[in-house]
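# Close look at the chain arrangement
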Amino acid sequence: MEKDAKIYIAGHRGMVGSAIHRKLVKEGFTNFVTRGSKELDLRDQVAVTEFFAEEKPDYVFLCAAKVGGIVANNTYRAEFLYDNLQIQNNVIHNSYLNNVKKLLFMGSSCIYPKMAPQPLKEEYLLTGLLEDTNEPYAIAKIAGIKMCDAYRAQYGCNYISVMPTNLYGYNDNYHPQNSHVLPALIRRFHEAKANGVPNVTIWGTGSPKREFLFADDLAEACYYLMQNYSEPNLINIGTGHDLSIKDLAMLVKKTVGYEGDIDFDTTKPDGTPRKLMDVSKLHSWGWKHKVDLEEGLALAYQDFLKLTEQTVN
């Protein structure tokens, strides 16, 4: 990417988009075009068409999406499918119409079959049934991957698809109902500590294993791949290491400084038993993560405290 190139980050205010923006600014890029969701509804075909025709960005990072945890995914099934398909269709197609030089599509590890072998290799896509609780979101993301490959095959577009593992970091979503597991745990342990609650109850058995990547590491990987990778098919981005939800809860408890007990509500669903990314393809292209989970959690918690303070004030 040329330093004076016009770059559009769709979803620049979110955790991933803001991390990519920070990385690009650090690298000396200055020519950004951004629109918040109130300024530009990416589900609106006419509005997106007009935006691309007017701005004509050179490079696009497609990070915008409707996202959430198990409860949100399972509750708003129609919205997760419709909204994400609309966003992807509009941005990818208009990138083609306006000769965008390169586009990066941000997927999710939930695209892989529920019972796929571990660790998850890129070639496992579409080899089995999806986890039911987030199937609509996963189907939308799979469609985005295939759309990028189809536009590459038919029109010669240089569109790449990256599949990050579970993310956390600065500017995360800590909504009590719609957040992912790690930010949800940070909030719950913090509130339990602040209110003197004797125990924290966590959904499921605590046995499922998950992998977590610091969002600024993801931004580093995306920048690296935009500079060096121009291949069809998807590429995983992760750490290659996972831990149980129980061990994660213990680590968050330690980071927050909560001294109460942890209970597990086994009447609630666990979700996918394990989701560990095979990152050998990414490593073969020359990139590895830098921030370990304990370090990243400490940074994320400090950011949560700042966000909480801003909300109060």
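Here we summarise the structure given alongside this text.

### Remarks on the side chain of arginine 210
Inspection of the secondary structure assignment puts arginine 210 in strand S8 (residues 209–210). For the buried arginine 210, no salt bridge is present, and the opposite-charge side chain at shortest range is glutamate 131, 6.9 Å distant. The residues touching arginine 210, leaving out its near neighbours within four places in the chain, are Asn166, Asp242, Leu243, Ile245, Asp270, Gly271, Thr272, Pro273, Arg274 and Lys275.

### Structural notes on the sheet that holds strand S4 (residues 102–106)
With parallel pairing, six strands are arranged side by side in an open sheet as S2-S1-S3-S4-S5-S10. Each edge of the sheet is formed by a strand with only one pairing partner; in this case those strands are strand S2 (32–33) and strand S10 (234–237). Here four bridges tie strand S5 (residues 159–164) to S10, and the two strands are oriented parallel to one another. Bridged to serine 161 within S10 is leucine 234. Each of strand S3 (59–62), S4, S5 and S10 is contacted by helix H7 (residues 215–228), which is oriented at about 145° to S4, the strand it contacts most.

### Focus on the pattern of salt bridges
Tallied over the full model, the rule gives 19 salt bridges. Taking the shortest distance from any N to any O, the salt bridge between lysine 101 and glutamate 2 comes out at 3.4 Å. Of this pair, lysine 101 sits in the loop between helix H4 (77–97) and S4 while glutamate 2 sits in the segment before strand S1 (7–10), placing them 99 residues apart in sequence. For lysine 101, a relative accessible area of 43% corresponds to the partly exposed category. Here glutamate 2 falls in the partly exposed class, since its relative accessible area comes to 35%. Between glutamate 55 and arginine 35 there is a salt bridge, with the nearest N and O atoms lying 2.8 Å from each other. Of the two residues, glutamate 55 is situated in helix H2 (residues 45–55) and arginine 35 in the loop between S2 and H2; the sequence distance between them amounts to 20 residues. What makes glutamate 55 buried here is its relative accessible area of 16%. A relative accessible area of 25% places arginine 35 in the partly exposed class.

### Description of the sheet that holds strand S13 (residues 274–275)
Pairing between sheet strands relies on hydrogen bonds along the backbone, with the strands arranged either parallel or antiparallel. Spatially, the three strands line up as an open sheet ordered S11-S8-S13, and their pairing is mixed. In this open sheet, the two edge strands, each paired with only one partner strand, are strand S11 (243–244) and S13. With two bridges joining them, S8 and S13 adopt parallel strand pairing. The partner of lysine 209 across the bridge, within S13, is arginine 274.

### Considerations on the packing of H4 against helix H5 (residues 135–155)
Contact pair H4 / H5: the axes reach a minimum separation of 8 Å and the direction vectors enclose 15°. In terms of their interaxial angle, H4 and H5 are classed as roughly parallel. In terms of crossing hand, the pair formed by H4 and H5 is right-handed. The segment H4 lies against H5, with Arg77, Phe80, Leu81, Asn84, Leu85, Gln88, Asn89, Ile92, His93 and Tyr96 engaging Glu135, Pro136, Tyr137, Ile139, Ala140, Lys141, Ala143, Gly144, Met147, Cys148, Tyr151 and Tyr155. Class assignment for the residues of the contact of H4 with H5 results in 14 nonpolar, five polar and three charged.

### Here we look at the environment of glycine 260
Relative to the assigned elements, glycine 260 resides in the loop between helix H8 (245–256) and strand S12 (261–265). Each C-alpha atom, one on glycine 260 and one on phenylalanine 189, is 9.1 Å from the other, the two residues being 71 residues apart in sequence. Aside from chain neighbours lying at most four places away, what touches glycine 260 is Pro198 and Lys253.

### Description of H8
Compared with an ideal rise of 1.5 Å per residue, which puts 12 residues at 16 Å, H8 spans 16 Å between its outermost C-alpha atoms and is within 8% of the ideal. Residue glycine 257 follows H8 closely and has a positive phi angle near 85°.

Rules and cut-offs
Residues numbered from 1 in each chain as written. Predicted model: local features only at pLDDT ≥ 70, side-chain atom pairs only at ≥ 80, totals over all residues. Heavy atoms only, no water. Helix = DSSP H or I, 4+ residues; strand = E, 2+ residues; numbered from the N terminus. Buried < 20%, exposed > 50% of the residue type's maximum accessible area, 1.4 Å probe, protein only. Lys, Arg positive; Asp, Glu negative; His and termini not counted. Salt bridge = Lys/Arg side-chain N within 4 Å of Asp/Glu carboxyl O. Contact = heavy atoms within 4.5 Å. Pairing = 2+ DSSP bridges. Axes fitted to C-alpha atoms, helices over the stretch in contact; angles between N-to-C directions. Parallel < 35°, antiparallel > 145°, perpendicular 65-115°, else oblique. Left-handed = near helix turned anticlockwise from the far one by under 90°. Nonpolar A, V, L, I, M, F, W, Y, C, P; charged D, E, K, R; others polar. Expected span 1.5 Å × (residues − 1).

So far we have only geometry, and geometry alone does not tell us how the molecule works.
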